[in-house]
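# Observations on the model geometry
The chain contents come next:
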Amino acid sequence: MCANPLFYFLLCFLFRCSAKGKGPFMSISRRFFLQQSSLLAGALITHQHQHVAVRAKPEIDLAALPKFVDALPIPTVIRSTATRPSPANSALQVPYYNVALSAFEAQVHRDMKPTLMWGYGGAFPGPTFDVQSGQEILVEWTNRLPEKHFLPIDHSLCGAGKDVPDVRAVVHLHGGRVPPDSDGYPESWTVPGKSAVYRYPNKQDAAALWYHDHAMGINRLNVYAGMAGMYLVRDAAEAALALPSGEFEIPLVLCDRMFDKDSQLYYPVSDNPDAPWTPELFGDAYLMNGKLLPHLDVWHCKYRFRLLNASNARFYRLALSNKQKFHVIGSDQGLLDASVAVAKFSIAPGERIDFIVDFSEHAGEEIVLMDDFQPVMQFRVANRAVVSLREPIGTPAADIRSAQFINLPSPLRPVQRTPESSAVKTRVLSLDEVDNLVQEPVRMELDAKRWTDPVTENPTLGSTEIWTLVNPTDDAHPIHLHLVRFQILDRRRFETSVWIGDRTLRFTGPVVPPEPLEAGWKDTVRADPGMVTRIIVKFDGYPGRYVWHCHILEHEDNEMMRPYDILPAPTVG
Ligand SMILES: [Cu+2]
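Within each chain, residue numbers correspond to sequence positions counted from 1 in written order. Where local features are concerned, this predicted model is filtered to residues with pLDDT of at least 70; where side-chain atom pairs are given and counted, the filter is 80 or more; whole-chain, interface and lining totals use all residues. Hydrogens and waters are ignored; side-chain quantities use all the structure's heavy atoms.

### A closer look at the coordination of the copper ion
Note on metal geometry: ideal angles are 109.5 degrees for four donors arranged tetrahedrally and 90 or 180 degrees for six donors arranged octahedrally. Coordination of the copper ion by the protein involves His477 (ND1), Cys550 (SG) and His555 (ND1), with metal-donor separations of 2.0 to 2.1 Å. Distances decide who is a donor: an N, O or S atom must be within 2.8 Å of the metal, or within 3.2 Å for Na, K and Ca. Water is not included, so sites may look incomplete. For the copper ion, the single-chain donor residues occur in sequence as H-x72-C-x4-H. With His477 in strand S25 (residues 477–481) and His555 in helix H8 (residues 553–557), the pair connects residues that are 78 residues apart, well separated along the chain. Of the two residues, His477 and His555, both sit in the buried class. For helices the rule is a DSSP run of H or I covering at least 4 residues; for strands it is a run of E covering at least 2, with both sets numbered from the N terminus onward. The classification of residues rests on relative accessible area computed with a 1.4 Å probe and restricted to protein chains. Under 20% of the type maximum is buried, over 50% is exposed, and intermediate values are partly exposed.

The structure is reproduced here in structure tokens:
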């Protein structure tokens with residue numbers, strides 16, 4: 001983060017000059033700014049594009065808004081009201097849900113005007129699904145959006161041309177082991193007035209998944225408009241741990257946005273009206289569960305938080321203002337082998353972190369969740385004396401609640417490491433940025449290929465592969481594979497210029513194992529700049545066509561997404 005406003009102003013000014021390709025700084029590239037801003041501001045490498053956003057409209061004065069005045073909303077849990085026969089077995093009735101996608105107004109902050117959003121079930125975040133592992137459900141996603149989009153479409157992007165309707169939507173269940181025709185293929189969008197019924201078998205371990213839009217070429221705009229929600233899968237192994245539940249388990253959907261002075265969502269554009277795409281969206285307004293800087297009243301006991309980074313491009317580095325530790329118990333695809341106590345952790349777009357905070361020693365305190373120096377939300381811990389007065393004898397008093405569990409069991413859930421020897425193939429895949437003559441990115445690519453190029457990744461169902469992600473760019477790219485879960489093997493620094501020259505890997509650093517928080521099952525991996533990141537993937541699930549992509553939504557919308565095929569396993573005999 002840049003803490004100095006003067007420095008920020010200077011960077012913005014320089015970037016504008018550079019972006020316009022005129023003025024005294026036209027030879028200074030965006031990359032230069034990013035490196036400098038990162039260096040001078042002491043930012044994480046994952047934070048380095050924070051100065052890219054160009055404001056073209058009067059912005060709301062966020063500093064004038066009081067902090068922590070709104071209560072954190074908890075998204076409603078959606079209930080099924082009907083059953084339908086399973087498409088896989090017509091004799092089997094399964095829960096059926098109907099979720100409408102519509103325009104609505106939301107109060108982001110007490111002192112702001114209502115904000116127009118588009119989302120699921122008339123809310124942002126959308127309603128939370130809470131399902132049991134192995135219990136198949138059907139969801140009919142009904143598009144009731146207006147005919148005209150309210151955010152700036154770039155018709156030069158693949159799949160977003162003027163030959164297709166502006167308003168299109170398709171839902172992807174991120175992290176779901178889902179048949180291909182229910183996975184939300186980017187080109188399988190529906191238009192207003194239409195719906196699609198998706199089948200979610202939920203044959204997977206307990207985990208915090210999330211659903212969001214995936215429409216080709218406008219996904220960044222649709223998600224920004226509000227199309228995202230949580231999807232929690234439960235199982236017996238997790239239930240046996242007796243983790244905090246009910247009012248003590250809080251979903252947290254974190255994202256950043258920009259607002260104009262009328263409290264409306266603002267999405268910045270480039271100077272080129274024919275190609276308004278910008279490389280990343282970084283908003284200055286942090287929303288938690290759709291509220292700007294909310295607070296949550298908590299008892300002095302342990303709470304479980306299911307955190308999702310639903311931002312377009314922002315990485316967060318989170319800590320508590322009193323420096324107490326988070327006990328991280330899970331990541332993208334469920335529980336870790338053992339809990340990890342950390343004072344700070346980072347989370348990339350698309351990733352989830354499951355953590356416990358123990359407020360039992362902090363009665364009466366106000367604790368702020370911080371992203372480096374920027375507040376995100378506040379926890380107000382109940383005063384112990386007040387609680388004991390309010391709680392009649394015979395009800396579960398807060399002290400008893402805090403004793404729900406004293407120590408987190410270990411292992412939480414054994415995570416068997418996938419041996420490298422089980423891989424039948426290794427694919428070396430480059431993450432590429434294509435720049436113009438003044439080193440401004442015009443698009444991003446995966447392995448120097450575009451969306452419409454023939455499929456090149458085609459693992460066989462049930463096989464295990466190692467994907468070696470080579471990142472010669474200056475960005476950290478969170479890479480997500482649909483359908484599967486995987487493990488991170490390691491990361492290693494390499495000589496980017498040699499790779500760019502002749503695609504030879506020359507390593508310059510030691511092999512770095514995944515961080516303890518990353519040692520479980522993942523579906524999104526941070527491919528750090530200048531590093532080779534290796535993952536090992538077993539392609540279990542269903543044969544068919546899926547996608548893999550960068551979860552910086554601006555990158556994904558501009559070619560950093562590729563189809564991949566899971567080939568049927570060969571029949572024996
Ligand atoms: Cu990317």
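### Focus: unusual backbone geometry
Pro125 follows Phe124 through a cis peptide bond whose omega is -5°. Not every positive phi belongs to a glycine, and Ala448 is a case in point at roughly 60°. The residue Ala448 is located in the loop between strand S23 (441–446) and strand S24 (464–470) in this model. Residue Glu559 is not a glycine yet carries a positive backbone phi of 85°. Topologically, Glu559 is positioned in the loop between H8 and strand S31 (561–566). On the accessibility criterion, Glu559 (7% relative accessible area) is buried.

### Describing the nonpolar core
Phe129, Trp141, Tyr200 and Tyr231 are the most contacted members of the largest nonpolar core, which has 67 residues in total. By definition in these notes, contact holds between two residues if any of their heavy atoms fall within 4.5 Å. Those residues in contact with Tyr200 that sit more than four places away from it in its chain are Gln135, Glu136, Ile137, Val139, Trp141, Val171, Leu173, Val178, Ser182 and Tyr231. To form a nonpolar core, buried Ala, Val, Leu, Ile, Met, Phe, Trp, Tyr and Cys residues must be joined to one another through side-chain atoms within 4.5 Å. The next biggest cluster of nonpolar side chains, apart from the first, holds 36 residues, and it includes Phe248, Leu254, Ile347 and Phe379.

### Section: the packing of aromatic side chains
Working definition: an aromatic ring pair is given by the centre-to-centre distance plus the angle between the planes. Stacked, tilted and edge-to-face are the three classes applied to pairs of Phe, Tyr and Trp rings, where Trp contributes its six-membered ring and a pair requires centres within 6.5 Å; stacked means planes under 30 degrees apart, edge-to-face means over 60, and tilted covers the rest. Going through the model one piece at a time under the given rule, you end up with 28 aromatic pairs. Considering the side-chain rings of Trp467 and Phe539, the 5.8 Å spacing of their centres and the 40° angle between planes classify their relative orientation as tilted. Here Phe539 lies in the loop between strand S29 (531–538) and strand S30 (544–550) and Trp467 lies in strand S24, a separation of 72 residues in the sequence. Assessed through its relative accessible area of 0%, Phe539 is described here as buried. A network of ring pairs unites the aromatic residues Tyr97, Tyr120, Phe129, Trp141, Tyr198, Tyr200, Tyr211 and Tyr231 as a single cluster. Consider the ring centre and the ring normal. A charge sits over the ring if Lys NZ or Arg CZ is within 6 Å of that centre and within 35 degrees of that normal. Across the ring face of Tyr96, the terminal group of Arg84 is positioned such that the distance to the ring centre comes to 3.9 Å.

### Some details on the side chain of Arg304
Residue position: Arg304 is located in strand S14 (residues 302–309). Relative accessible area serves as the criterion here: at 2%, Arg304 is assigned to the buried category. The residues contacting Arg304, other than those within four sequence positions of it, are Arg234, Glu238, Leu243, Pro244, Phe248, Glu249, Ile250, Ile329, Leu335, Asp354, Phe355 and Ile356.

### Some points on the pattern of salt bridges
Think of a salt bridge as a Lys or Arg side-chain nitrogen and an Asp or Glu carboxyl oxygen that are within 4 Å of each other. Evaluation of the coordinates by the stated rule reveals 35 salt bridges. Asp205 is paired through a salt bridge with Arg413; the nearest N and O atoms lie 3.1 Å apart. Of the two residues, Asp205 sits in the loop between strand S7 (195–200) and strand S8 (207–213) while Arg413 sits in the loop between helix H6 (398–402) and strand S22 (425–435), which places them 208 residues apart along the sequence. In this structure Asp205 comes out as partly exposed when scored by relative accessible area, which is 28%.

### Quick look at the pairing of S14
With eight of its eight residues buried, S14 lies for the most part within the structure. Burial along S14 is two-sided: the face carrying Lys302, Arg304, Arg306 and Leu308 and the face carrying Tyr303, Phe305, Leu307 and Asn309 are both buried. Any two strands between which DSSP finds at least two bridges are classified as paired. Relative to S14, strand S10 (residues 249–257) is paired through six bridges, and the arrangement is parallel. The residue bridging Pro251 from the neighbouring strand is Arg306, located in S14.

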